[in-house]
Amino acid sequence: MPAVSKGDGMRGLAVFISDIRNCKSKEAEIKRINKELANIRSKFKGDKALDGYSKKKYVCKLLFIFLLGHDIDFGHMEAVNLLSSNKYTEKQIGYLFISVLVNSNSELIRLINNAIKNDLSSRNPTFMCLALHCIANVGSREMAEAFASEIPRILVAGDTMDSVKQSAALCLLRLYKTSPDLVLMGEWTSRVVHLLNDQHMGVVTAAISLITCLSQKNPDEFKTCVSLAVSRLSRIVSSASTDLQDYTYYFVPAPWLSCKLLRLLQCYPPPEDGAVKGRLVECLETILNKAQEPPKSKKVQHSNAKNAILFEAISLIIHYDSEPNLLVRACNQLGQFLQHRETNLRYLALESMCTLASSEFSHEAVKTHIETVINALKTERDVSVRQRAADLLYAMCDRSNAKQIVAEMLSYLETADYSIREEMVLKVAILAEKYAVDYSWYVDTILNLIRIAGDYVSEEVWYRVIQIVINRDDVQGYAAKTVFEALQAPACHENMVKVGGYILGEFGNLIAGDPRSSPLVQFNLLHSKFHLCSVPTRALLLSAYIKFINLFPETKATIQEVLRCDSQIRNSDVELQQRAVEYLKLSSIASTDVLATVLEEMPPFPERESSILAKLKKKKGPGTVSVTDLEDSKREGGELNGGGERGPDTAAMASSNASTPSPSADLLGIRSAAPVGAAPASAGSLLVDVFSEAGPAAPSAAVNDDGFLRDLEQPTATCDSLLVEGSGDSDSAPPSEDPAPPLPEADELLNKFVCKNNGVLFENQLLQIGIKSEYRQNLGRMYLFYGNKTSVQFASFTTTVSYPGELQSQLNVQTKPVEPLVEGGAQIQQVLNIECLTDFSDAPLLNIKFRYGGALQNLTLKLPVTINKFFQPTEMTSHDFFQRWKQLSQPQQEAQKIFKANHGMDTEVLKAKLLGLGSALLDDVDPNPENYVCAGVIQTKGQQVGCLLRLEPNSQAQMYRLTLRCSKDSVSKRLCELLAEQF
Amino acid sequence: MIGGLFIYNHKGEVLISRVYRDDIGRNAVDAFRVNVIHARQQVRSPVTNIARTSFFHVKRSNIWLAAVTKQNVNAAMVFEFLYKMCDVMTAYFGKISEENIKNNFVLIYELLDEILDFGYPQNSETGALKTFITQQGIKGQHQTKEEQSQITSQVTGQIGWRREGIKYRRNELFLDVLESVNLLMSPQGQVLSAHVSGRVVMKSYLSGMPECKFGMNDKIVIDKQGKGGTTEDTGKSSGKQSIAIDDCTFHQCVRLSKFDSERSISFIPPDGEYELMRYRTTKDIILPFRVIPLVREVGRTKLEVKVVIKSNFKPSLLAQKIEVRIPTPLNTSGVQVICMKGKAKYKASENAIVWKIKRMAGMKESQISAEIELLPTNDKKKWARPPISMNFEVPFAPSGLKVRYLKVFESKLNYSDHDVIKWVRYIGRSGIYETRC
């Protein structure tokens, strides 16, 4: 940059700035600025033209005022004028003002572009640079449109100065980043790549940033850069520190360029050409060698530059993952850094080692540093470094060192930061499971985990223990013994109580021989925790108690006593109350054989991917758990626990109420709405057989993946009626597709829609169902809107429409399938086409099933399709009406109802309702103006049914008399029923 | 209650810091500086909440006084205290400035200890304070026991604002009625809002413990008397002269029970200067000046402004210190002004034309016309045309308030109402007196 000559000092500007600095208050500053602005305005307004110097000075002042945070709305023209000046300083200020203040939609943009074009085509390198800087600083789409084609030409032209080339390369990079579609390299590609060979290191450094960015987008076009980059790199690496003169930074030759070259190479796979590859390997070795050399300077800049290159080289080695020798050397190098006194270096070393550990070549080498890493976990002061150390331990863990690592992580957990505890817990749980050779060790570990960090142990972790314990009979006895001991601690975490309750309920008999853990002792131990637990845990404990009755008949009296007490049987929580009542009845009515069948031991769980791993993946986001990890877990996890997530998970699903997602896990998997044994289907059907003469066809015991679930819920209706009301009619047992029984409020919901077509059909915490419908003649179309009110997606979202009773032949509903996934907060739409074949009285059922957070939600509603929807209004005179009224005089054609008003007797409301009904509301028909008279024809496919209606309100008694006469008697009855609910 | 009190200079440096309660930490001092004094926005709320701590501040010239509390205090009480604090400081060392505060910091801490106890405001009557907090530090030692006990009994007694045994050779009384009139007027001359806030300030130099009774032309009192009396002419005169006071507050010496029952203002006055009452009226206000603006835009680059002011009071009275402020657009590049009277100047730093007239008699009229040249800008926003504002001082009360009597009774000493020399003065000033253009 040319030196600023003395005459360009701009004293006025300096004075102004010092005035501003000396202002004592904000108000004084504003006053000074206002004064200056007025001065500049009068100068710019003045008739005589300003010279370049004063123009520059005032533009500078404006810029300063703008940067202080005040609006500037003039002076742009003067700044643009400065662009055409021949003086560097004036041009520079002009460009500065433009790049700071001019927005892209300004009308001056044409003038500015013109000035930039002139400068670009001038032969003056400083002017060209200024123009390029301005383009890059503004960097808008408009700039890209105007100059994207021009700049590559400047970049590759032979006669362009080096400094201009640098600016051009960086300017192009900036334009490419803002609008990649406008920057088309095409013909320039090879020449841009050849800039890597440029003599000038600055040009190479600038060009390589551009090439890296471009080759990330289209790697194939820039493939040739690999060999050039390698040769460039080898020239730099092998040069002595003095060779590069200006580009040597604290004895390190061109560190920035080296890093960029290494990063560029990371965009490509290892070179195929042997020679190139050999050269690259040589370079990498040299870099590793240099790291071993004693430092040439004690300055921190020297080691920083050197380490930057080293780490970049190590990432390249990891990226290639094909040179065992280099990988091991890199690992050793990082091992040295692990004990370096620089914290940042330790962090970087741990981080790089994490990726190294996943490579098969270097895994063993990484393992040798285990002691150091464990030490880091314990002694490191910075939490982020400790976190990295924990990550590395997780990554380096395998069968040989699992016990040690898990033990260390467990001991660290006691003192770990709260922020990383949950993740640590998951990791420990996964490692313990993945590398468990000895299941007693696994059970110990997890129980320890729950003891140490109970709050951070998620549901998945303890589900998993139970799954494994149930699937492995060799460990059940040990598990029972261990939990029994663990529960004896005075303060137990709730998760421990859950595990204890479940395991003792299942396998308490295995340790009952010992007098110290006799059945009664076990029960008392569990029950001592009962009152300290939350509702879901209590529910689980109640289930454990009923299992106790089965396991140890001698405890029956005690447990029945407990169940009978008021705090259980009259508990304010519905779930607990219901369980207490049902278990009490079950234990007193059923014979021991029945009990033994109902409360059979849980069957083994089918294989599935570990739910914990899924949770960790979700928590850390994709990418952090590497693919090999996953495969490992599938392979190893699969072989060793033949169990997947079925157990408590499914129990939880089954037990969670259809409408409320309370995650109450449960031994028996009892749903609050409809209790049923969670024992497999055979047991369930047996139960039905035993208790009910009118049992439906026993549900098929097919055990396919999710068939299990359905089986679980299948006998709902019958059991419901059985256990709650004694024997009920099982006719209403749903068909084998098995939706839940309609909600109790379904009828009420239906009534809401008799007189209206749109609205919210249903709503709970999870789901909202909106409805919109239109009808013409005997056809209708209904739009259902399912809205997910949670932030979690619903999986396997399905809806089915079913026809209870004879409805099948009366109504035809065609549905289009919905998408199975509903994202959190999203809404999906479903269209239903409805055809009325003949008159009908029941409403079709809509069953909705989906998984919310793993738990199946099952919901059945009545679709608000009623016979009156197919009304066609008919206008008629009073005479006609009464004539027809008399024609329909047979007693069965008339339906009459006298009822009390449920709502106010407001005329307008009544009218609106009658209009919403679909028939025509006739005025001046009835001699009594208080009365309402309607007429219409119900259109079905087979026939048309004429309907006449009279509604006589008696406002004194708050009563109505409703009379309907239709040509078909069933219609008048149904309509009468429907309407009676409306007023 | 008030947890602490800080005084800052314009830069935000702390001059005085007195913390009364433990819940106010040192960081509160910085919080106020960072969030209020150094805040970027121009308009600052007098009450600021930062991290569950409330800051109440007033500004006197370049000095910030801030009261801090973590409790839910009565904000009006805090501000009343801050104003009192300003009065006390002014009474002790004159103008509140950085220099004065630095020079008197010992005195200020002493005062703060006296007028605020554990955050609860105490006696802040200057007259009483001056008896025991003096600027000559040694005086306290020379006071006799008797004197000290007298001070104690006076300060803690029923009439804390006046000590006994005051003697003057000449019993004299000065009464000032100070009013500020606020107005917002539409360009067509329609009054959009107007009110007067006034103060009655007294300076009394009376011997002994005199009982005073103050009477003014309050509508309620006059009407009551009119009813009580028999003649109609009192009613007639009251219709013209009495004023309706919207609300008023009194000095603590006024017996409020008597005011409530009889609406008579009777009191034992403090010695020296004090504010007897404050009041506000909104009806039948005499607007001393009328501003008639005329703004014409000639093309995009020129603006013509003509403003006429008319004085609207008795020709015998003289208004003083008249200043009219005509805002100019933000892109003004030049102004030419012609005025018949006074001096007018374009002040670029304030974006306004300021027209000053020293004196103007009643029922007169004066005019200014200005040509404003504008610089065309890219900005499409129209000029918002802020209102023209005015400042003045007139020798009457725009609310119409008249002092009817001020009687002094002193039973023990033998001087009567007639022996007291009384002076009454009315000053009406402009508050925010604006006319839209």
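Predicted, not measured: the structure shown is a model, and the values here were computed from it.

Q: Hey, could you run me through the interface of chain B and chain A in this one?
A: Interface size, as often reported, equals the accessible area lost upon joining of the parts. Taken together, the contact pairs 21 residues of chain B with 17 residues of chain A. Around 1,700 Å² of area is buried between chain B and chain A when both sides are counted, 47% of it from carbon and sulfur atoms. For the salt bridge of K31 of chain A with E350 of chain B, the shortest nitrogen-to-oxygen distance reads 3.8 Å. Across the contact surface, chain B and chain A share 5 residue pairs in polar contact (both at pLDDT 80 or more). Broken down by secondary-structure element, the contributors of at least two residues to the side of chain B that touches chain A are β17 (332-339) and β20 (365-374) of chain B. Partitioning the side of chain B that touches chain A into residue classes produces 5 nonpolar, 10 polar and 6 charged.

Q: I tried to follow unusual backbone geometry on my own but got confused; where do I start?
A: With glycine set apart, most residues show a phi of negative sign, and most peptide bonds adopt trans. Its identity is not glycine, yet Q777 of chain A carries a phi of approximately 50 degrees, on the positive side. Residue placement: Q777 of chain A occurs in the loop between β4 (767-776) and β5 (779-788). On the basis of relative accessibility, which here comes to 42%, the residue Q777 of chain A falls in the partly exposed class. Even without glycine at this site, K321 of chain B takes up a positive phi of about 50 degrees. One can find K321 of chain B in strand β16 (residues 318-327). For K321 of chain B, a relative accessible area of 57% corresponds to the exposed category.

Q: I would appreciate a short explanation of the packing of aromatic side chains in the present structure.
A: Where two aromatic rings form a pair, the distance of their centres and the angle of their planes describe that pair. In total, this model carries 33 aromatic pairs over all chains according to the counting rule given. Look at F794 of chain A and F797 of chain A: their rings are 6.5 Å apart centre to centre, the planes differ by 5 degrees, and that puts the pair in the stacked class. The same class applies to F794 of chain A as to F797 of chain A, namely buried. A centroid spacing of 6.2 Å and a plane angle of 10 degrees characterise the contact between F174 of chain B and W423 of chain B, whose relative ring orientation is stacked. Of this pair, F174 of chain B sits in strand β8 (residues 172-185) while W423 of chain B is found in strand β23 (residues 421-435), placing the two residues 249 residues apart along the sequence. Since its relative accessible area comes to 28%, F174 of chain B is described here as partly exposed. Of the residues examined, W423 of chain B reaches a relative accessible area of 45% and is grouped as partly exposed.

Q: Would you mind showing me how to read the sheet that holds β20 of chain B here?
A: Hydrogen bonding along the main chain pairs the strands of a sheet, whether they run parallel or antiparallel. Pairing is antiparallel in the open sheet, where 4 strands are placed in the order β14-β15-β20-β17 (chain B). Every other strand in the sheet has two partners, leaving β14 (289-298) and β17 of chain B as the edge strands with one partner each. Between one strand axis and the next, the sheet turns through 15 degrees on average, direction left out of account. Where β14 of chain B and strand β15 (residues 302-311) of chain B come together, 10 bridges link them in antiparallel fashion. Considered in β15 of chain B, the bridge of V291 of chain B is made with I309 of chain B. Strands in contact with helix α2 (residues 26-45) of chain A are β17 and β20 of chain B; relative to β17 of chain B, the strand with the most contacts, it is inclined by about 95 degrees.

Q: Teacher, can you tell me more about the pairing of strand β9 (residues 191-205) of chain B here?
A: For a regular strand, side-chain orientation follows a simple rule: the groups alternate between the two sheet faces. Residue and element names in this part refer to chain B. Sheet analysis places β8 next to β9, joined by 14 bridges and oriented antiparallel. Looking across to β9, one finds that L175 is bridged to M202. Hairpin remark: β8 followed by β9, antiparallel, with 5 residues in the connecting loop; positive phi at G189, about 90 degrees. Where β9 lies against strand β13 (residues 272-281), 9 bridges are found, and the strand directions are antiparallel. Paired with V200 across the two strands is M277, which belongs to β13.

Q: What should I look at first to understand the pattern of salt bridges in this one?
A: Opposite charge on two side chains lets them pair, provided their charged atoms get close. All names here are of chain B. Summed over all chains, the structure comprises 48 salt bridges over all chains. The partner of R199 in a salt bridge is E275, with the nearest N and O atoms 2.8 Å apart. Here R199 is found in strand β9, whereas its partner E275 is found in strand β13, with 76 residues between them in sequence. Take R199: its relative accessible area is 34%, and that puts it in the partly exposed class. Look at E275 and you get partly exposed, because its relative accessible area is 23%.

Q: Can you help me understand the nonpolar core in this one?
A: Across soluble globular proteins, nonpolar side chains show a tendency to be buried alongside one another. Core analysis: the biggest nonpolar cluster contains 225 residues, and I116 and L449 of chain A have the highest contact counts within it. Of all hydrophobic cores here, the second largest spans 63 residues; its members include Y932, I938, L978 and A980 of chain A.

Q: Quick question: what am I supposed to make of the confidence of the model for chain B here?
A: Interpretation of the predicted coordinates at a detailed level should be avoided for regions scoring low in pLDDT. Residues and elements named next belong to chain B. Mean pLDDT over chain B: 87, with 94% of residues reaching 70 or higher. Confidence, expressed as mean pLDDT per element, reaches its minimum in chain B at helix α9 (residues 233-241) with 49 and its maximum at strand β21 (residues 388-394) with 95. Scoring of the predicted complex yields 0.57 for pTM and 0.74 for ipTM.

Q: Help me understand the packing of helix α13 (residues 225-238) of chain A against helix α14 (residues 255-265) of chain A in this model?
A: Packed helix pairs are characterised by how far apart their axes lie and by the angle those axes make with each other. Residues and elements named next belong to chain A. Closest axis-to-axis distance for the α13/α14 pair is 10 Å, and the angle between their directions is 150 degrees. Classed by the angle they form, the pair α13 and α14 counts as roughly antiparallel. Between α13 and α14 lies a crossing of left-handed hand. Across from C225, V226, A229, V230, R232, L233 and I236 in α13, the residues of α14 making contact are L257, S258, L261, L262, L264 and L265. Across the contact of α13 with α14, the residue classes tally to 11 nonpolar, 1 polar and 1 charged.

Q: Mind showing me how you'd approach the pairing of strand β3 (residues 47-50) of chain B here?
A: Residue and element names in this part refer to chain B. Only one face of β3 is buried, namely the one carrying T48 and I50, since none of V47 and N49 on the opposite face is buried. Sheet topology note: the β3/strand β4 (residues 53-60) ladder contains 4 bridges and is antiparallel. Paired with T48 across the two strands is F55, which belongs to β4. Connecting the antiparallel pair β3 and β4 is a turn made up of 2 residues, with A51 showing a positive phi of about 50 degrees.

Reading the values: the criteria
Residues numbered from 1 in each chain as written. Chains lettered and ligands numbered in written order. Predicted model: local features only at pLDDT ≥ 70, side-chain atom pairs only at ≥ 80, totals over all residues. Heavy atoms only, no water. Contact = heavy atoms within 4.5 Å. Buried area = accessible area lost by both parts, 1.4 Å probe. Salt bridge = Lys/Arg side-chain N within 4 Å of Asp/Glu carboxyl O. Polar contact = N/O pair within 3.5 Å; in protein donor to acceptor, adjacent residues only side chain to side chain. Helix = DSSP H or I, 4+ residues; strand = E, 2+ residues; numbered from the N terminus. Nonpolar A, V, L, I, M, F, W, Y, C, P; charged D, E, K, R; others polar. Buried < 20%, exposed > 50% of the residue type's maximum accessible area, 1.4 Å probe, protein only. Phe/Tyr/Trp six-rings, centres within 6.5 Å; stacked < 30°, edge-to-face > 60°. Pairing = 2+ DSSP bridges. Axes fitted to C-alpha atoms, helices over the stretch in contact; angles between N-to-C directions. Core = buried A, V, L, I, M, F, W, Y, C linked by side-chain atoms within 4.5 Å. pLDDT = per-residue confidence, 0-100. Parallel < 35°, antiparallel > 145°, perpendicular 65-115°, else oblique. Left-handed = near helix turned anticlockwise from the far one by under 90°.

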